[in-house]
Amino acid sequence: TKVWLSDSEGSQKPVAIQWQILLRDSDLNPVKEQIQRIGSMENIIVHRKPKKRKKKNSIDAKPLIADICLKEDILTVKVAYLPTGTIKPVELLNILGLPDDFLAGRVIRNNIYWE
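Notes on the structure in this doc start here. Nothing here was measured: the structure is a model prediction, and the numbers come from that model.

**Describing the nonpolar core**
Then, number 1: Ranked by internal contacts, the top residues of the largest apolar core, which has 26 residues, are Trp19, Leu23, Ile68, Leu75, Ile87, Leu92 and Leu96.
Then, number 2: Those elements giving two or more residues to this core turn out to be strand S1 (14–23), helix H1 (29–40), strand S4 (65–71), strand S5 (74–80) and helix H2 (89–95).
Then, number 3: The greatest single-element share of this core, amounting to four residues, is contributed by S1.

**Observations regarding the pairing of S4**
Then, number 1: Pairing between S4 and S5: six bridges, direction antiparallel. What sits directly across from Asp67, in S5, is Lys78.
Then, number 2: Once S4 ends, the chain turns through two residues before running back antiparallel as S5, passing Glu72 with a positive phi of about 55 degrees.

**A short note on the environment of Asn57**
Then, number 1: Within the fold, Asn57 resides in strand S3 (residues 57–60).
Then, number 2: Separated by eleven residues in sequence, Asn57 and Val46 have C-alpha atoms that sit 8.5 Å apart.
Then, number 3: Excluding residues within four positions of it along the chain, Asn57 makes contact with Val46, His47, Arg48 and Pro50.

**Thoughts on the environment of Ile35**
Then, number 1: One can find Ile35 in helix H1.
Then, number 2: Using a relative accessible area of 14% as the deciding quantity, one classes Ile35 as buried.
Then, number 3: Taking C-alpha positions, Ile35 is 9.9 Å from Asp67, a pair spaced 32 residues apart along the chain.
Then, number 4: Ignoring sequence-local partners within four residues, the contact set of Ile35 consists of Ile68, Leu70, Leu75 and Leu96.

**What about the sheet that holds strand S6 (residues 103–114)?**
Then, number 1: If you walk across this open sheet you meet the four strands as S4-S5-S1-S6, and the pairing is antiparallel. The sheet is open, and its two borders are formed by S4 and S6, each paired with just one other strand. The average angle at which neighbouring strand axes cross in this sheet is 15 degrees, direction not considered.

**So, the layout of surface pockets**
Then, number 1: Its volume calculated, the second largest pocket comes out at about 160 Å³.
Then, number 2: The wall of the second largest pocket is formed by ten residues, among which Arg48, Lys49, Pro50, Lys88 and Glu91 lie closest to the centre.
Then, number 3: Among the elements that take part in the lining of the second largest pocket, strand S2 (residues 45–48) stands out by supplying three residues, more than any other.
Then, number 4: Looking at the lining of the second largest pocket, its residues break down into two nonpolar, two polar and six charged.

Reading guide: rules and limits
- Residues numbered from 1 in each chain as written.
- Predicted model: local features only at pLDDT ≥ 70, side-chain atom pairs only at ≥ 80, totals over all residues.
- Heavy atoms only, no water.
- Core = buried A, V, L, I, M, F, W, Y, C linked by side-chain atoms within 4.5 Å.
- Buried < 20%, exposed > 50% of the residue type's maximum accessible area, 1.4 Å probe, protein only.
- Helix = DSSP H or I, 4+ residues; strand = E, 2+ residues; numbered from the N terminus.
- Pairing = 2+ DSSP bridges.
- Contact = heavy atoms within 4.5 Å.
- Axes fitted to C-alpha atoms, helices over the stretch in contact; angles between N-to-C directions.
- 1 Å grid on protein atoms, 1.4 Å probe; cavity = no way out; pocket = protein on both sides within 12 Å on 5 of 7 lines; lining within 4 Å.
- Points joined across faces, edges and corners; volume = space filled by probe spheres on them.
- Nonpolar A, V, L, I, M, F, W, Y, C, P; charged D, E, K, R; others polar.

What follows is the structure, encoded as structure tokens:
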């Protein structure tokens, strides 16, 4: 699904997106513990290597994680869109201490919240 946004005044802008991520069937207790720790963390620094620059840049992902919930093997996450950007699903997996290939399927975008 593609979303086209207009720059015209009065148009709605996305403020958050909700994903559902199916995780591989394994011991998810460490993931549950990390989700609990996220709530009490002051900052969650994510390091990115830009494509065109050689220097890494860092973002604080804490204000971007609006809600996170794990039920059985389905991770539901609401991620905020801020003027500084947002995070990627793979970055979220890394925050939870999971490898990039821990997905059991596709990341499903099931809701976009508009301003």
